[in-house]
Amino acid sequence: MSQNRFKNMETAVIHTGYDSQQHSGSLTPPIYQTSTFTFETAEQGENRFAGNEDGYIYSRLGNPTVKVLEERIAALEEGERGLAFGSGMAAVSAILLALTKSGDHIICTQGLYGCTFGLLQMMKNKYKISHDFSVMDTEESIEKYITPETTCIYVETPINPTMKLIDLEMVVKIAKKHNLQVVVDNTFCSPYLQKPLTLGCDFVIHSATKYICGHGDVVAGLAVGRKEIMDEISMTTQKDIGGIISPFDAWLLIRGMKTLPIRMDRHSENTEKIAELLKTHPIIEEIFYPGDKTNPQFAIMEKQMKKPGGMISFTIKGEKREAQKLMNQLRLIKIAVSLGDAETLIEHPATMTHAVIPEDSRKEMGITDTMLRLSIGLEAWEDIWEDLKQALDSI
Ligand SMILES: *Cc1c(COP(=O)(O)O)cnc(C)c1O
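Procedures and definitions
- Residues numbered from 1 in each chain as written.
- Predicted model: local features only at pLDDT ≥ 70, side-chain atom pairs only at ≥ 80, totals over all residues.
- Heavy atoms only, no water.
- Axes fitted to C-alpha atoms, helices over the stretch in contact; angles between N-to-C directions.
- Helix = DSSP H or I, 4+ residues; strand = E, 2+ residues; numbered from the N terminus.
- Parallel < 35°, antiparallel > 145°, perpendicular 65-115°, else oblique.
- Left-handed = near helix turned anticlockwise from the far one by under 90°.
- Contact = heavy atoms within 4.5 Å.
- Nonpolar A, V, L, I, M, F, W, Y, C, P; charged D, E, K, R; others polar.
- Buried < 20%, exposed > 50% of the residue type's maximum accessible area, 1.4 Å probe, protein only.
- Arc of directions from axis to C-beta.
- Core = buried A, V, L, I, M, F, W, Y, C linked by side-chain atoms within 4.5 Å.
- Salt bridge = Lys/Arg side-chain N within 4 Å of Asp/Glu carboxyl O.
- Near = heavy atom within 4 Å.
- Polar contact = N/O pair within 3.5 Å; in protein donor to acceptor, adjacent residues only side chain to side chain.
- Areas by Shrake-Rupley, 256 points an atom, 1.4 Å probe, with all protein chains shown as cover.
- Pairing = 2+ DSSP bridges.
- Domains from an automatic or database assignment.
- Buried area = accessible area lost by both parts, 1.4 Å probe.

Details of the packing of helix H3 (residues 64–77) against helix H11 (residues 247–257)
Here's step 1: With their axes 8 Å apart at the nearest point, H3 and H11 run at an angle of 40° to one another. The orientation of H3 relative to H11 falls into the category oblique. When you trace H3 past H11, the crossing you get is left-handed. Contact with H3, carried on its side by Thr65, Val66, Val68, Leu69, Arg72, Ile73 and Leu76, involves Pro247, Ala250, Trp251, Leu253, Ile254 and Met257 of H11 and no other residues of that element.
Here's step 2: Here the residues of the contact of H3 with H11 are counted per class, giving 11 nonpolar, 1 polar and 1 charged.

Right, here's the structure in full:
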């Protein structure tokens, strides 16, 4: 029996959207590594193109392996339809281009993934789709930017790398009042920690490259939303711009997602331990972590997230030189951007992920030269801490 919705996420990540009995009993979904699909007759081809008959045509328009992934992410986010893309940015651009036309206006969080920031600049310069950045800490801070041309509010929470949280309930309240769509980049949380659609948001986007994959071996994106709009995206931005995922990468994501809840629990547990220990080290100036009970935003974390997650940033006493020395001193922890992998990763936002942002804006966002961002992995926390401690001690 094929069942598409399961109450518990631990089961849904393993079973949703796949019935082994329809695939020769293959326990895991086969990889349909094919570009095109044969029709039995010319009339069948005609009917498929006309939309009168279900079935596959060509892999840019749909593929059975990709479909399992799309159904699974839709179930996990509790949305109507999911779509898979060749990268997180392909998902971001598909949604933003679908929701706007020339002359429209977008309100986004201050602090965005660098390439989303770049995409918005391009949309403004080439297509006259403008945007404003809001700190989104009060209703007023959002409302003051709303114009008759505003169509959507684009939110990242937690914001990278400062880990600032946006109260999604508050954003939805404003959006409903003004009839705006709310789009949430849920990459840092994964659906296991945060489900924006259940809070009234309209679209969720993932860089599936990160926690959804979890193993650092795929670049991919996912988006979920209401069926009528996702249908339209699949037939326009996805089909005609074409940033689709390969069947093999979809299969790797299906495989990775089976352990998402287990991994997120371990990422969160490890990070909680490391945050506690980091706080005790004299070289640490400040830590940025949604699980910090002294953080005024802790209440937002408790309200909309299941757990604080696996990301933590911190600043050290000293200067850029010391921050880089600390990184060079690490042995187990790898210096790399990206996040959500089994390996603990460290990066220096000011010279890496956020280097394109002008220094003034960067400082305004709280990204100093001594800030480091950690993606805590799945290793024993004792080993992660041992490595961090020897590096911190060396400064
Ligand atoms: C990585 C990332 C993206 C972009 O995803 P890609 O898979 O690299 O294209 C978008 N948003 C956030 C928050 C990310 O971390």
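The rest of the description comes next.
Section: helix H9 (residues 227–235)
Here's step 1: Of the positions making up H9, those classed as buried are Ile229, Met230, Ile233 and Ser234. The arc that holds the buried residues of H9, viewed along the axis, is 140°, so those residues lie on one side.
Here's step 2: Packed against the buried residues of H9 are strand S1 (81–85), helix H4 (88–99), strand S5 (181–185), strand S6 (203–207), strand S7 (221–225) and helix H10 (237–241).

Some details on the nonpolar core
Soluble globular proteins tend to pack their nonpolar side chains together in the buried interior.
Here's step 1: Within the largest apolar cluster, 45 residues are counted, with the highest numbers of intra-cluster contacts made by Leu69, Leu222, Ile245 and Leu253.
Here's step 2: Counting residues per element, the ones that place at least two in this core are helix H1 (9–15), H3, helix H8 (190–193), S7, H11, helix H12 (260–279) and helix H13 (298–304).
Here's step 3: Those residues within four positions of Leu69 in sequence are excluded, and the remaining contacts are Ala84, Leu222, Ile245, Ala250, Leu253, Ile254 and Met257.
Here's step 4: Residues Phe85, Ala94, Ile106 and Leu120 belong to the second largest nonpolar core, which totals 25 residues.

Things to note about the pattern of salt bridges
Here's step 1: Applying the stated criterion across every chain, the model contains 19 salt bridges.
Here's step 2: With a shortest N-O distance of 2.7 Å, Glu143 and Lys177 are connected by a salt bridge. Here the residue Glu143 occupies a position in helix H6 (residues 139–143), and Lys177 occupies one in helix H7 (residues 168–178), the gap between them amounting to 34 residues.
Here's step 3: Residue class for Glu143 comes out partly exposed when judged on its relative accessible area of 24%.
Here's step 4: The salt bridge involving Lys307 is made with Asp265; its shortest N-O contact spans 2.6 Å. Residue Lys307 is found in the loop between H13 and strand S9 (311–316), and its partner Asp265 is found in helix H12; the two are separated by 42 residues along the sequence.
Here's step 5: Under the relative-accessibility criterion, Lys307 is labelled partly exposed at 24%.
Here's step 6: If you follow the salt bridges from partner to partner, you end up with Arg81, Lys227 and Asp231 in one network.

Looking at the site of the ligand
Here's step 1: Every residue close to the ligand is listed here: Ser87, Gly88, Met89, Tyr113, Asp185, Thr187, Phe188, Ser207, Thr209, Lys210, Val219 and Ala220.
Here's step 2: Taking Lys210, its side chain carries an N or O atom lying 2.8 Å from an oxygen atom of the ligand.
Here's step 3: Here the ligand has 380 Å² of accessible area as a free molecule, and 92% of this is covered by the chains.
Here's step 4: Its residues placed into classes, the shell around the ligand shows 5 nonpolar, 5 polar and 2 charged.

Regarding the sheet that holds strand S11 (residues 345–347)
Here's step 1: Within the open sheet, the 5 strands sit side by side as S8-S9-S12-S11-S10. Their pairing is mixed. Looking at strand neighbours, the two that pair on one side only are strand S8 (284–288) and strand S10 (334–335), the edges of this open sheet.
Here's step 2: Bridge count for S10 against S11 is 2 bridges, and the pairing is parallel. Within S11, the residue paired with Ile335 across the bridge is Ile346.
Here's step 3: Together, S8, S9 and strand S12 (371–375) form the strand contacts of H12, whose direction differs from that of S9 by roughly 10°.

Some details on the domain arrangement of the protein chain
Here's step 1: By the assigned domains, the protein chain splits into domain 1 (9–30 + 62–257) and domain 2 (261–394).
Here's step 2: Each of domain 1 and domain 2 has a C-alpha centre, and the two are 25 Å apart.
Here's step 3: Interface area for domain 1 against domain 2, summed over the two sides, is near 3000 Å², with a carbon-plus-sulfur share of 62%.
Here's step 4: Considering only the side of domain 1, the residues that lose the most area to domain 2 are Tyr192, Leu193 and Tyr211, jointly responsible for 26% of the buried surface there.
Here's step 5: Counting the contacts that link domain 1 with domain 2 gives 2 salt bridges.
Here's step 6: Linking Asp167 and Lys303 is a salt bridge whose minimum nitrogen-to-oxygen distance equals 2.8 Å.
Here's step 7: For the pair domain 1 and domain 2, the number of links is 15 residue pairs in polar contact (both at pLDDT 80 or more).

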